[in-house]
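# A closer look at the structure
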Amino acid sequence: MFERLFGIRAQGSTPRTEILAGIATFLASMYIIVVNPTVLSDAGVPFSSALTATVLVSFFGSVMMGFYAKNPILVAPGMGINALFAYTMVLGAGMEWQTALGCVFWAGVIFALLAAFNARQLVIDAIPAQLRYAIACGIGLFITTIGLVNAQFIVPNPVTVVGMSSLDPVLVTFLIGFAVTAWLVVRNVPGALILGIVFTTLASVPIGRLWGDGSRYFPEGMASSTLVNFNGVFSMPDLSGLMALDLWGSLSVAYWPFIFVLLFTTFFDALSTFMGVSEAGNLKDADGNPRNIRRSMIVDASAALISGPLGTSPANAYVESAAGISQGGRTGLVAVVVAVLFLPFLFLSPLLSLVPAIATAPALILVGVFMMDPIRKIHWHQFDDAIPAFVAMVLIPFTYSITHGIAFGFLTFVIVKLAVGKTQEIKPTMWVLFALSLLLLFEG
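Conventions we followed
Residues numbered from 1 in each chain as written. Predicted model: local features only at pLDDT ≥ 70, side-chain atom pairs only at ≥ 80, totals over all residues. Heavy atoms only, no water. UniProt positions renumbered as here; feature names shortened; annotations may be inferred. Pairing = 2+ DSSP bridges. Helix = DSSP H or I, 4+ residues; strand = E, 2+ residues; numbered from the N terminus. Salt bridge = Lys/Arg side-chain N within 4 Å of Asp/Glu carboxyl O. Buried < 20%, exposed > 50% of the residue type's maximum accessible area, 1.4 Å probe, protein only. Phe/Tyr/Trp six-rings, centres within 6.5 Å; stacked < 30°, edge-to-face > 60°. 1 Å grid on protein atoms, 1.4 Å probe; cavity = no way out; pocket = protein on both sides within 12 Å on 5 of 7 lines; lining within 4 Å. Points joined across faces, edges and corners; volume = space filled by probe spheres on them. Nonpolar A, V, L, I, M, F, W, Y, C, P; charged D, E, K, R; others polar. Patch = residues over 30% accessible without salt bridge, like charges linked within 9 Å, V, L, I, M, F, W, Y side chains within 5 Å. Areas by Shrake-Rupley, 256 points an atom, 1.4 Å probe, with all protein chains shown as cover. Axes fitted to C-alpha atoms, helices over the stretch in contact; angles between N-to-C directions. Parallel < 35°, antiparallel > 145°, perpendicular 65-115°, else oblique. Contact = heavy atoms within 4.5 Å. Left-handed = near helix turned anticlockwise from the far one by under 90°.

Looking at an unreviewed UniProt entry, one finds the chain named NCS2 family permease, with Chromohalobacter moromii as its source organism. Recorded under Sequence similarities (unreviewed entry), the UniProt text for the chain is reproduced unchanged: "Belongs to the nucleobase:cation symporter-2 (NCS2) (TC 2.A.40) family. Azg-like subfamily." Regarding the chain, the UniProt comment filed under Subcellular location (unreviewed entry) reads as follows: "Endomembrane system".

See the structure below:
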């Protein structure tokens, strides 16, 4: 059945590998089930209804990605764009959260139209290979940064901006978990990332019980000295956020800029994620483009479209999908496995407290290693190629935003090529991307 639905053997994989890859992706990304509602609740969205919406969008989006687009990529409410929703649109601009959900819906409508009319092909054709390689590497560095931040290995420092946290029992446990996971990877042990997560989780059990204090790893008001906690098994889903959006109020002219920013962010986050993980995992078609990109973008647009009515900020393809791809995942079965693993947490969300952030951090850091392979393809000695590539690659993690990183990459590419007189390398669509990037940054 799996072979007939997904063509696993033709992709050089096995059902076992695909299932393990799906588990790895889920373990690397399940934090979203709690973190997304936490962010949205700051904007007034009820936590329990946002959690229900997060699980439903992740399930439907990933199922569509698996069965329709046949790609091993998770789709879930996007991190970063949920902060835009909560802190810029609702708390910053004073918008009601129901109106903000309406903006999410209309941005999804436009995204769906762009995907249906194949606008992504124009964009892909306009982006030079050097920038594609840089975006893939930048996303790898971004995933690594997420892992280091989740482990609180990297912390804010008022003097140096960022710095390393002091070595305490929690950080030592993380470093041991990282060393064991890296050893498993080097030894080519099947399911190395999953085994690393399990090992680090078990190693975290004594924290707060026998030694150390894990309270700083929890949001304010939810702090616990123990990292691994049992908070029960069952909770009922909250459906109060379904269809709570304000469709017509969100069409006010004053809100059009927010709709544009949502559209731009979801479109380019999706496109750059597909390009990045496809480049790193060699999931490309005969023309060198991301495999099944049109269907993948349609799925991403559809998931973004249903996000508002279900009660959450827009869904997007997830860079953590690289965790499963790094484990050998090649087909849509990976995405279906992830979807199936998300669904029970409509009722079992308390169990998420069993896996701490430091347990998934080693896997995320090592995924960054796997995604750095395209860096060797960048023309480092040809500076009109190297400079835009470098800007995109470093600003994705430094701005903590894929969209802002590639926007600055586009801007730098056009400016550098103009400066050296190579205007013939700037395709017409790139001029449009240049203008959109400027508009996005000024709106930001």
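Now, onward.
## Topic: the pairing of strand E3 (residues 161-164)
Judged from the four bridges that link them, strand E2 (residues 154-157) and E3 form a sheet pairing that is antiparallel. Note that in E3 the partner of Ile-154 across the bridge is Met-164. Linking two consecutive strands that pair antiparallel, namely E2 and E3, is a turn of three residues.

## Some details on the pattern of salt bridges
Under the definition given, this model contains six salt bridges. A salt bridge links Asp-385 to Lys-417, with the nearest nitrogen and oxygen atoms 3.0 Å apart. With a gap of 32 residues between them, Asp-385 in helix H16 (residues 383-398) and Lys-417 in helix H17 (residues 402-419) connect regions that are remote in the sequence. The exposure class assigned to Lys-417 is buried, which follows from its relative accessible area of 0%. Connected via shared salt-bridge partners are Asp-384, Asp-385, Lys-417, Lys-422 and Glu-425.

## Concerning the packing of aromatic side chains
One pass over the full model with this rule turns up 13 aromatic pairs. Ring pairs connect the aromatic residues Phe-26, Phe-342 and Phe-345, which therefore count as one cluster.

## Topic: empty space enclosed by the protein
Counted by the stated rule, this structure contains two cavities of 30 Å³ or more. Empty space within the largest cavity amounts to approximately 40 Å³. Residue lining of the largest cavity: Arg-132, Met-275, Ser-278, Glu-279, Lys-284, Gly-288, Asn-289 and Pro-290, and that is the complete set. Of all the elements, helix H11 (residues 256-281) adds the most residues to the lining of the largest cavity, at three residues. Looking at the lining of the largest cavity, its residues break down into two nonpolar, three polar and three charged. Of the volumes computed, that of the second largest cavity is approximately 30 Å³. Surrounding the second largest cavity, Pro-128, Gln-130, Leu-131, Asp-384, Asp-385, Pro-388, Ala-389 and Phe-413 form its lining. Ranked by the residues each element gives to the lining of the second largest cavity, the list is headed by H16, at four residues.

## Quick look at a nonpolar patch on the surface
Taken together, the side chains of Met-164, Leu-167, Val-172, Leu-175, Ile-176 and Phe-199 make up a nonpolar region of the molecular surface, amounting to roughly 520 Å² of accessible area. Inspection of the secondary structure assignment puts Phe-199 in helix H10 (residues 192-204). Look at Phe-199 and you get partly exposed, because its relative accessible area is 32%.

## Some thoughts on the layout of surface pockets
Within this model, the second largest pocket holds a volume of roughly 210 Å³. Along the wall of the second largest pocket there are 13 residues; nearest its centre are Leu-114, Val-123, Phe-267, Phe-268 and Leu-436. Among the secondary structure elements, those contributing two or more residues to the lining of the second largest pocket are helix H7 (119-126), H11 and helix H18 (428-443). With five residues, the single largest contributor to the lining of the second largest pocket is H11. For the lining of the second largest pocket, the per-class residue count stands at twelve nonpolar, one polar and no charged.

## Looking at the packing of helix H8 (residues 129-150) against H11
At a closest axis distance of 8 Å, the pairing of H8 and H11 adopts a crossing angle of 90°. One way to sum up the angle between H8 and H11 is to call them roughly perpendicular. Taking contact as the criterion, the partners of Arg-132, Tyr-133, Ile-135, Ala-136 and Ile-139 in H8 are, on H11, Ser-272, Thr-273, Met-275, Gly-276 and Glu-279. Each residue belonging to the contact of H8 with H11 can be placed in one class, and the counts come to five nonpolar, three polar and two charged.

## Here's the deal with the packing of helix H4 (residues 47-69) against helix H14 (residues 332-342)
With their axes 7 Å apart at the nearest point, H4 and H14 run at an angle of 160° to one another. Judged by the angle between their axes, H4 and H14 are roughly antiparallel. Our pair here, H4 against H14, has a crossing hand that is left-handed. Of H14, the residues touching H4 (which contributes Val-55, Ser-58, Phe-59, Ser-62, Val-63, Met-65, Gly-66 and Phe-67) are Gly-332, Ala-335, Val-336, Ala-339, Val-340 and Phe-342. Class assignment for the residues of the contact of H4 with H14 results in ten nonpolar, four polar and no charged.

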